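Residue strings, one per chain:
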Amino acid sequence: MGTLKTEPARSRPDLLAPPVMAALEAWPAEAPIDVDDVLVAPIDATLADTAAFCAAYEVGLEESANCVIVAGKRGGETRYAACVILATTRADVNGAVRRLLDARKASFAPMDEAVRSTGMEYGGITPIGLPADWPILVDSRVVAVPHVIIGSGVRHSKIALPGPAVGVLPNAQIIADLAKPAA
């Protein structure tokens, strides 16, 4: 986990967006991953973007994940989903994601919509604490990583958790080839 100084996320609500903290407080005791295995680390908010973060904190791109919000449209209806992919990949929005959303058209959700809908900061959106009716589409490579670093809902920290934990979040679906290798 590079040079990050982590501690249990529930002990640091100041480093989490309110929906993330609420999700951790409601974490089921029977979940296959203990809530205390969800860690958080403070970071410089100006280094929250993936490339800058990885370089500054010595975290490999292969253990850094991004959570992107996609809007799929069909017949005047918009459906949202979160896609969790490794930083070494890009979400296949126009292929796999569009089909999974049963949409005619899919694209990254506009920043203001993503922020308003999630209650999280742009550049810090995480799959923990998303709206209950949103699917969380997880590329199978994410759950294969022993530990993954992802947003915390705010730009001034990151969450570290076991990769398999992402696949057992509420509404998570593990999808092979949800992403393609980054060019």
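Please refer to the structure higher up on the page.
Residues numbered from 1 in each chain as written. Predicted model: local features only at pLDDT ≥ 70, side-chain atom pairs only at ≥ 80, totals over all residues. Heavy atoms only, no water.

> Describe the sheet that holds strand β10 (residues 172-175), listing the residues and the values that go with them.
Spatial strand order, β6-β3-β4-β7-β10: five strands in an open sheet with mixed pairing. Each edge of the open sheet is held by one strand with a lone partner, namely β6 (105-108) and β10. Across this sheet, the average inter-strand angle for adjacent strands is 30°, counted without regard to direction. Sheet analysis places strand β3 (residues 65-74) next to strand β4 (residues 77-86), joined by 10 bridges and oriented antiparallel. Paired with Asn66 across the two strands is Ile85, which belongs to β4. (Pairing = 2+ DSSP bridges. Helix = DSSP H or I, 4+ residues; strand = E, 2+ residues; numbered from the N terminus. Axes fitted to C-alpha atoms, helices over the stretch in contact; angles between N-to-C directions.)

> I'd like a description of the nonpolar core, backed by residues and values.
By size, the foremost hydrophobic cluster in this structure holds 39 residues, and its most contacted members are Leu24, Val84 and Ile159. Looking at this core, the elements that each hand over two or more residues are α1 (18-25), β3, β4, β7 (136-139), α5 (140-143), β8 (147-151), β9 (157-162) and α6 (163-166). Top contributing element to this core by residue count: β3, with four residues. Setting aside its immediate chain neighbours within four residues, Ile159 contacts Leu16, Val20, Val38, Leu39, Val40, Ile128, Val148, Ile149, Ile150, Gly151 and Ser152. (Core = buried A, V, L, I, M, F, W, Y, C linked by side-chain atoms within 4.5 Å. Buried < 20%, exposed > 50% of the residue type's maximum accessible area, 1.4 Å probe, protein only. Contact = heavy atoms within 4.5 Å.)

> Describe the state of the cysteines, listing the residues and the values that go with them.
Within the structure shown, the criterion is met by zero disulfides. Free cysteine Cys54: the closest other cysteine sulfur is in Cys67, separated by 16 Å. Counting only cysteine sulfurs, Cys83 is the nearest neighbor of Cys67, a cysteine outside any disulfide, at a range of 7.9 Å. Look at Cys67 and you get buried, because its relative accessible area is 11%. (Disulfide = S-S within 2.5 Å.)

> Break down a nonpolar patch on the surface for me, with residues and values.
Side chains of Met111, Val115 and Tyr122 sit close together on the surface and give an oily, nonpolar patch of about 280 Å² of accessible area. Here Met111 is to be found in helix α4 (residues 111-118). The exposure class assigned to Met111 is partly exposed, which follows from its relative accessible area of 49%. (Patch = residues over 30% accessible without salt bridge, like charges linked within 9 Å, V, L, I, M, F, W, Y side chains within 5 Å. Areas by Shrake-Rupley, 256 points an atom, 1.4 Å probe, with all protein chains shown as cover. Salt bridge = Lys/Arg side-chain N within 4 Å of Asp/Glu carboxyl O.)

> Run through the environment of Glu63, naming residues and quoting values.
Among the structural elements, Glu63 can be located in the loop between α2 (50-57) and β3. Here the alpha-carbon distance between Glu63 and Ile149, two residues 86 residues apart in the chain, equals 6.2 Å. Sequence-distant contacts of Glu63, defined by excluding residues within four places in its chain, comprise Met1, Val145, His147, Val148 and Ile149.

> Run through α2, naming residues and quoting values.
All of the buried residues along α2 are Thr50, Phe53, Cys54 and Tyr57. The buried residues of α2 all sit within an arc of 95° when viewed along its axis, so they share a single face. Exposed and facing more than 90 degrees away from the buried side of α2 are Ala51 and Ala55. Taken together, the buried residues of α2 touch β3, β8 and β9. Immediately beyond the C-terminal end of α2, within one or two residues, lies Glu58, with a positive phi of roughly 55°. (Arc of directions from axis to C-beta.)

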